[in-house]
Amino acid sequence: MNFSLPFFNFLITASLLLLTAGVILLLIMLFRDLKTKKLW
Amino acid sequence: MRQRLKKLLPILAMTCLVILHLNAAELPTPVFTNSLSIRTESGFYQLSWHFPPSVIPQDHWEFELQTSGDSTFAKYETLYQGPDFATFLSGLPNGHYYYRVRTIAEDTQTPGAWSATVTATVKHHSLAFALSLFGIGAIVFALTVGIVKQGNRRMVNTN
Amino acid sequence: MTHFQSEILNPVTGWILLLILSIAWIALGIYWGKKAKDMDGYMLAGRNVGLAFGTATAMATWVTSNTTMLAPQFALQLGIWGMVAYSTAAFGLFLFAPLAKRIKRLMPKGFTSGDFIRLRYGKKVWYIFLIISIFYGFTWLISMGMAGGILMNALSGIPYRLGMTVILSVCMIYTIFGGLYAVIGTDFIQSMIIMIGVVIVGGAVLYSIDLDTVYQDVLKDKPMLLNMLLPASIMAIFNNLLFGIGEVFHSNVWWSRAFAMREGIGKKAYTIAGFMWLPVPIAAGFIALTSSSLGINITSPDMVGPLMAGNILGKVGAIIVFVVLFSSLASSIDSLLAATADLIVEDIFKKIFFPAIQEKQLRNVSVYVIVGLTFLAWLVCMPRIGTLATVLFFAGPMVASTIYPIAMGLYWKNASKEGAFWAMIIGSGAGLIAYFQIGWYTASLISATLSIIVTATFARWKPAEFNWLKLDESRQA
């Protein structure tokens, strides 16, 4: 029983998308913390 | 003069042959540094080789690594040809695999002698064993999540 | 040994990159370090770290050289399940998230994970815990020092010893100057570099090769890698997950961050960090599977990631890989230096030998300990014994045995010191036996299983009755 090609494809694409979302989220959080002066 | 040349010709030819032969013989036989009989339950291993210490490796030498399903190499496949001293194999199904390596002069493509043969036996863990460990892992993981979740709920309630 | 293919970047480029990054980290470390006025500032960044920095530091620290080097290796050895198995280490962060909240609540003025074990279970358990924890921290440090040297060497031909020395000393310098402020501040930048770098490399590889071909070639050459029922991989899944949980639950690297984050931040930060980390092993790992299609000979599995990225993307790819790896190494080495030094200073130096020591002196001791740790790690890294990195896997069963003494100890009044003691001894012992008898991919699993049974059994039949208030030392003073 093998992993299918679509699954393989999905796994990789989803990871890259999730990472991109992570970058954006991190930036949003940074600017929010900067604005409220709650960086540290 | 002609007679002399005729006499010399075979000698010349012989010398040429001897020189050629010497050249070929100069190609040293690589020696596997891994065990000659590999047993694995995970389907991956590294094959590596080197020259005996007396040999000074030359730039135009490379290696040819062959694999076969039987020890006679009646049917073989060239796995690798190049200058590296190792290769890594993985994802192999159950079975016996045989490997041998030799030196090749890159310019003339003359090969040296074959190394000793490596025999690799791949026999994966039994699926039942693997699945039972998987099951134990799943239970332990679920319990861990349970401990943390339940603990946190209790903490929220007491506050 | 000439195991490796010729390097992808020339040494001059390598040195320039190394120089730029080193200067940047040190300058930032010194700049941020000025914020550290007292020991709370130096060790715990003022206990007021916000969500952005909190998330980034958890994420960046969890991305180590191992994530970027070992994930491709897992993919190459254990296939698709291997990548997924590596990803499950994110559960260490997910499950630590609620713990972080609990820790901050119970010990608002705590410093280290050792503090917790000592107050919760007493001295005998604490000694064993310190041995496990320091052994783990130190082997982790060594494995990264060596990885740094090997990578610099393989990517750009910088001699192993020089590269290793530079990366260890750069991290040491900025950690000394800036304490946890420097560590967390640089972690933010490093986590951005890591994520963007992995997306670029992964995306570019995806763009330049045909996934369909890759799939077919793997199916032909390494069929078991695509098999859903590859036994070693099936075992590796929960093993790796539990290894990850053990690493995070016990290690002071994570506890000090829990103490450092502002009230109400820890749980969120660790959860988001888990989601950011989850895709990294897959995005970095799948590249290893392209080796068959491109006909590239892999000599050694731990170099497959950087090698493939360099081969597919050329010089630009190699530069990105270099920067990403340097960042992931630095973000973990600095954290490890800071947290292990804290553990030694707070738990051993202060609590065992000099309880009356002044805060100012303590900070000086901290500096000596960081320098000493770095020097020791450097000494062990010098001979480049490749197999030493595998010592880190030894730590797997040891840290997995601490999971339940920690988790139950934080939530259950009846978890007892005998339970914790025997859980660590029996768990570690059995795990190490499994390591040699069955394979490394079962060691943490066996250890955690025994640890949960032992801790729970003692809690049930020889219960303790712990008073939670005892954990807050500031209250007693």
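It should be emphasised that the depicted structure is a prediction, and the values quoted were computed from it without experimental measurement. (Residues numbered from 1 in each chain as written. Chains lettered and ligands numbered in written order. Predicted model: local features only at pLDDT ≥ 70, side-chain atom pairs only at ≥ 80, totals over all residues. Heavy atoms only, no water.)

**Topic: the overall build of chain B**
On a plain count of helices and strands, chain B comes out with two helices and eight strands. Here chain B, with 159 residues, has 40% of them falling under the buried criterion. Across chain B, contacts joining residues at least 24 apart in sequence account for 61% of those joining residues at least 6 apart. About 9500 Å² of surface is accessible on chain B, with carbon and sulfur atoms providing 62% of the total. (Helix = DSSP H or I, 4+ residues; strand = E, 2+ residues; numbered from the N terminus. Buried < 20%, exposed > 50% of the residue type's maximum accessible area, 1.4 Å probe, protein only. Contact = heavy atoms within 4.5 Å. Areas by Shrake-Rupley, 256 points an atom, 1.4 Å probe, with all protein chains shown as cover.)

**Points about the interface of chain C and chain B**
Every contact between the two is made by 49 residues of chain C and, on the other side, 39 residues of chain B. Buried area between chain C and chain B, summed over both chains or domains, comes out near 3800 Å², and the portion from carbon and sulfur atoms is 72%. The largest per-residue losses of area from chain C upon contact with chain B belong to Phe238, Asn297 and Tyr411 of chain C, which jointly make up 15% of the total buried on that side. Along the contact surface separating chain C from chain B lie zero salt bridges. Linking chain C with chain B are 10 residue pairs in polar contact (both at pLDDT 80 or more), by the criterion used here. Mapped onto the side of chain C that touches chain B, the elements with two or more residues apiece are α4 (65-87), α5 (90-106), α10 (231-250), α18 (403-411) and α20 (440-461) of chain C. It is α10 of chain C that contributes the most residues to the side of chain C that touches chain B, nine residues altogether. Among the residues forming the side of chain C that touches chain B, the class breakdown is 34 nonpolar, nine polar and six charged. (Buried area = accessible area lost by both parts, 1.4 Å probe. Salt bridge = Lys/Arg side-chain N within 4 Å of Asp/Glu carboxyl O. Polar contact = N/O pair within 3.5 Å; in protein donor to acceptor, adjacent residues only side chain to side chain. Nonpolar A, V, L, I, M, F, W, Y, C, P; charged D, E, K, R; others polar.)

**Observations concerning the interface of chain C and chain A**
With 48 residues of chain C at the interface, the matching set in chain A holds 27 residues. Between chain C and chain A lies a buried interface of about 3400 Å² when both sides are counted; carbon and sulfur atoms form 82% of it. Put simply, chain C and chain A have zero salt bridges between them. For the pair chain C and chain A, the interface holds seven residue pairs in polar contact (both at pLDDT 80 or more). Sorting the residues of the side of chain C that touches chain A by element identifies α3 (51-62), α4, α8 (160-208), α9 (211-221), α12 (266-277) and α13 (280-285) of chain C as the ones contributing at least two each. Broken down by element, the side of chain C that touches chain A gets its largest block of residues, 13 residues, from α8 of chain C. Split into classes, the residues belonging to the side of chain C that touches chain A amount to 37 nonpolar, eight polar and three charged.

**Quick look at empty space enclosed by the protein**
Residue and element names in this part refer to chain C. Inspection of the entire model under this criterion finds six cavities of 30 Å³ or more. By volume, the largest cavity is sized at about 170 Å³. Taken together, 15 residues make up the lining of the largest cavity; nearest its centre are Thr68, Val201, Ala284, Ile287 and Val321. Every element with two or more residues in the lining of the largest cavity is listed here: α4, α8, α13 and α15 (304-353). Ranked by residue count, the leading element in the lining of the largest cavity is α15, at six residues. Of the residues assigned to the lining of the largest cavity, the class counts are 11 nonpolar, four polar and no charged. (1 Å grid on protein atoms, 1.4 Å probe; cavity = no way out; pocket = protein on both sides within 12 Å on 5 of 7 lines; lining within 4 Å. Points joined across faces, edges and corners; volume = space filled by probe spheres on them.)

**So, the sheet that holds strand β1 (residues 31-32) of chain B**
Residues and elements named next belong to chain B. In space, the three strands of this open sheet follow the order β1-β3-β6, with antiparallel pairing throughout. The sheet is open, and its two edges are formed by β1 and β6 (86-89), each paired on a single side. Sheet topology note: the strand β3 (residues 45-50)/β6 ladder contains four bridges and is antiparallel. Residue serine 48 lies in a different strand from β6, and its bridge partner there is alanine 86. (Pairing = 2+ DSSP bridges.)

**Quick notes on the packing of aromatic side chains**
In this structure the tally under the stated criterion is 41 aromatic pairs over all chains. On the basis of an interplanar angle of 75 degrees and a centroid distance of 6.1 Å, the ring pair of tyrosine 45 of chain B and tyrosine 99 of chain B is categorised as edge-to-face. Residue tyrosine 45 of chain B is located in strand β3, and its partner tyrosine 99 of chain B is located in strand β7 (residues 95-105); the two are separated by 54 residues in the primary sequence. One aromatic cluster is present, formed by Trp62, Phe74, Tyr86, Phe96, Phe249, Trp254, Tyr270, Trp277, Trp440 and Tyr441 of chain C through successive ring pairs. (Phe/Tyr/Trp six-rings, centres within 6.5 Å; stacked < 30°, edge-to-face > 60°.)

**Topic: a positive patch on the surface**
A grouping of Lys149 and Arg153 of chain B together with Lys101, Arg105 and Lys267 of chain C is seen on the molecular surface, where their side chains present a positively charged patch. Listed by contribution, the elements that provide at least two residues to the positive patch are α2 (127-158) of chain B together with α5 of chain C. The exposure class assigned to arginine 153 of chain B is exposed, which follows from its relative accessible area of 53%. (Patch = residues over 30% accessible without salt bridge, like charges linked within 9 Å, V, L, I, M, F, W, Y side chains within 5 Å. Lys, Arg positive; Asp, Glu negative; His and termini not counted. Charge placed at Lys NZ, Arg CZ, Asp CG, Glu CD.)

**Notes on the domain arrangement of chain B**
One can read the domain layout of chain B as domain 1 (27-124) and domain 2 (126-159). One C-alpha centre belongs to domain 1 of chain B, the other to domain 2 of chain B, and the line joining them spans 46 Å. (Domains from an automatic or database assignment.)

**With respect to the packing of α4 of chain C against α15 of chain C**
All names here are of chain C. Interhelical geometry of α4 versus α15 gives an angle of 140 degrees and a closest axis separation of 8 Å. Taken together, the axis directions place α4 and α15 in an arrangement best described as oblique. Contact residues: α4 offers Ser65, Thr68, Pro72, Gln73 and Leu76, while α15 offers Val304, Gly305, Val324, Leu325, Ser328 and Leu329. Each residue belonging to the contact of α4 with α15 can be placed in one class, and the counts come to six nonpolar, five polar and no charged. (Axes fitted to C-alpha atoms, helices over the stretch in contact; angles between N-to-C directions. Parallel < 35°, antiparallel > 145°, perpendicular 65-115°, else oblique.)

**Quick look at the pattern of salt bridges**
Residues and elements named next belong to chain C. Within this structure, the stated rule accounts for nine salt bridges over all chains. Measuring nitrogen to oxygen at the nearest pair gives 3.5 Å for the salt bridge that ties lysine 351 to aspartate 115. Of the two residues, lysine 351 is situated in helix α15 and aspartate 115 in helix α6 (residues 113-121); the sequence distance between them amounts to 236 residues. The class of lysine 351 is partly exposed, set by a relative accessible area of 23%.

**Topic: the sheet that holds strand β2 (residues 37-40) of chain B**
In any sheet, the strands associate via hydrogen bonds between backbone groups, in a parallel or an antiparallel arrangement. Residue and element names in this part refer to chain B. Here we have five strands laid out as an open sheet, ordered β2-β8-β7-β4-β5, and mixed in their pairing. Two strands in the sheet have a free side with no partner beyond their single neighbour: β2 and β5 (76-82). The average undirected angle you get between the axes of adjacent strands in this sheet is 20 degrees. Where β2 and strand β8 (residues 118-122) come together, four bridges link them in parallel fashion. Paired with isoleucine 38 across the two strands is alanine 120, which belongs to β8.

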